[in-house]
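Residue-level listing of the chains:
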Amino acid sequence: WYQRRVREAVVSTQSTGDCELKKKRMGFMMYAITDYQSANLMCSVTDSASINTWKACVKVNTNFGGSDLVSSQGINSIEECLAFCQITDDCQSVTLNTVTKKCYLKNKRNGNGVSQYNQATSVNMACMAAGRSTTHRCEHNNMVFGGSVIGSTSIGTLEACVAYCSNFNLCESVSYNRSSKSCKANSKRKGLRRLLATAGPVSTCTA
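**Some words on the state of the cysteines**
Scanning all chains against the criterion turns up five disulfides. Two residues share a disulfide in this structure: Cys-165 and Cys-171, whose sulfurs sit 2.0 Å from each other. Every disulfide takes its handedness from the sign of the S-S torsion; for Cys-165 and Cys-171 that torsion is -110 degrees, giving left-handed. Each member of the pair Cys-165 and Cys-171 is classed as buried.

This is the structure:
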């Protein structure tokens, strides 16, 4: 997969080997044509998330307020609500009203704010994506993603640094210093540039 921040899907032509990057999750439309394969980059986020990721990311009795994209009635489970989000451009998180069965798609990772609400279950899609398999699948040791820093904190592990990024709107990657416990969140998937680390053991990861 070729990573670029605005790309949401790819189309590959088997006979020619051509690969087209799309900025919408399903392109502008979907239709059948021989010899083509297409993939929505968000489609497997929930399927490939571990049980522990589900436990960490599914927030019961929690409402992500505001920043609504669209809503749909008759959604019976958080899994259905997330599936709706996966095929909707710009969807970053969801809140499901478990009583009215209404699913709200959000264009921010935690909406405009988080509050307790007994009828709501909410999920941040970036949290689910960050928890697929293991962080080590995307780790680059002794490498810094330079520039494009939008936030920083002191935190215990690379995994916790990735979790910090997943709750940060526009965060696409992190650089983590294992000695100083410094975590930097970046707005670009590889920063503005990649640099070899010169001070302390560093790990980077695209969230």
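Further notes follow.
**Here's the deal with helix H4 (residues 158-166)**
Considered for burial, the residues of H4 that qualify are Leu-158, Cys-161, Val-162, Cys-165 and Ser-166. All buried residues of H4 fall inside an arc of 145 degrees around its axis, so they share one side.

**A look at the pattern of salt bridges**
Pairs can form between side chains of opposite charge once their charged atoms are near each other. For the structure shown, the criterion picks out two salt bridges. With its nearest N and O atoms 2.4 Å apart, the salt bridge here joins Lys-106 to Asp-68. Note that Lys-106 is positioned in strand E7 (residues 102-106) and Asp-68 in strand E5 (residues 68-73), a separation of 38 residues in sequence. Taking the relative accessible area as the measure of exposure, Asp-68 reaches 44% and is therefore partly exposed.

**Some points on the pairing of E7**
With five bridges connecting them, E5 and E7 associate as antiparallel partners. Bridged to Gln-73 within E7 is Lys-102. Pairing analysis gives five bridges linking strand E6 (residues 93-97) to E7, with the strands arranged antiparallel. Bridged to Asn-97 within E7 is Lys-102. Between the end of E6 and the start of E7, which pair antiparallel, lie four residues, with Lys-101 showing a positive phi angle near 60 degrees.

**Some remarks on the pairing of strand E12 (residues 173-177)**
Counted residue by residue, E12 has five buried out of five residues, so it is predominantly covered. Side chains Ser-173, Ser-175 and Asn-177 project from E12 onto one buried face, and the interleaved Val-174 and Tyr-176 project onto a second face that is buried too. As judged from the five bridges shared by E12 and strand E13 (residues 182-186), these two strands associate in the antiparallel manner. The residue of E13 that forms the bridge with Val-174 is Ala-185. Turn length for the E12-E13 hairpin, with the two strands adjacent in sequence and antiparallel, is four residues, and the turn residue Lys-181 shows positive phi of about 65 degrees.

**Topic: the confidence of the model for the chain**
Looking at the chain, the pLDDT average stands at 82 and 77% of residues meet or exceed 70. Per-element confidence in the chain is highest for E7, whose mean pLDDT is 98, and lowest for strand E14 (residues 193-196), whose mean pLDDT is 55. Long-range and interchain partners of residues 1-6, a stretch whose pLDDT sits below 50, account for 14 contacts in this model, where long-range means more than four residues apart.

**Quick look at a nonpolar patch on the surface**
A contiguous nonpolar patch, built from Phe-28, Met-29, Tyr-31, Ile-33 and Tyr-36 and spanning about 650 Å² of accessible area, is present on the exposed surface. Mapped onto the elements of the fold, Met-29 is located in the loop between strand E2 (19-22) and strand E3 (36-40). Its relative accessible area of 60% is what places Met-29 among the exposed residues.

**Section: the nonpolar core**
Within the largest apolar cluster, 17 residues are counted, with the highest numbers of intra-cluster contacts made by Ile-78, Cys-81, Val-94 and Val-123. At the level of secondary structure, the elements contributing two or more residues to this core comprise helix H2 (78-86), E6, E7 and helix H3 (125-130). Among the elements that take part in this core, H2 stands out by supplying four residues, more than any other. Excluding residues that lie within four positions of it along the chain, Val-94 makes contacts with Phe-64, Ile-78, Cys-81, Leu-82, Cys-85, Tyr-104, Leu-105, Lys-106, Thr-121, Ser-122 and Val-123. Formed by ten residues, the second largest nonpolar core is a distinct cluster that contains Cys-161, Val-162, Cys-171 and Tyr-176.

**Some details on the environment of Ala-163**
Examined against the element boundaries, Ala-163 turns out to sit in helix H4. Overall, Ala-163 belongs to the partly exposed group, its relative accessible area being 35%. Distance in space between the C-alpha atoms of Ala-163 and Met-128 is 9.7 Å, their sequence separation being 35 residues.

So, how was this worked out
Residues numbered from 1 in each chain as written. Predicted model: local features only at pLDDT ≥ 70, side-chain atom pairs only at ≥ 80, totals over all residues. Heavy atoms only, no water. Disulfide = S-S within 2.5 Å. Buried < 20%, exposed > 50% of the residue type's maximum accessible area, 1.4 Å probe, protein only. Helix = DSSP H or I, 4+ residues; strand = E, 2+ residues; numbered from the N terminus. Arc of directions from axis to C-beta. Salt bridge = Lys/Arg side-chain N within 4 Å of Asp/Glu carboxyl O. Pairing = 2+ DSSP bridges. pLDDT = per-residue confidence, 0-100. Contact = heavy atoms within 4.5 Å. Patch = residues over 30% accessible without salt bridge, like charges linked within 9 Å, V, L, I, M, F, W, Y side chains within 5 Å. Areas by Shrake-Rupley, 256 points an atom, 1.4 Å probe, with all protein chains shown as cover. Core = buried A, V, L, I, M, F, W, Y, C linked by side-chain atoms within 4.5 Å.

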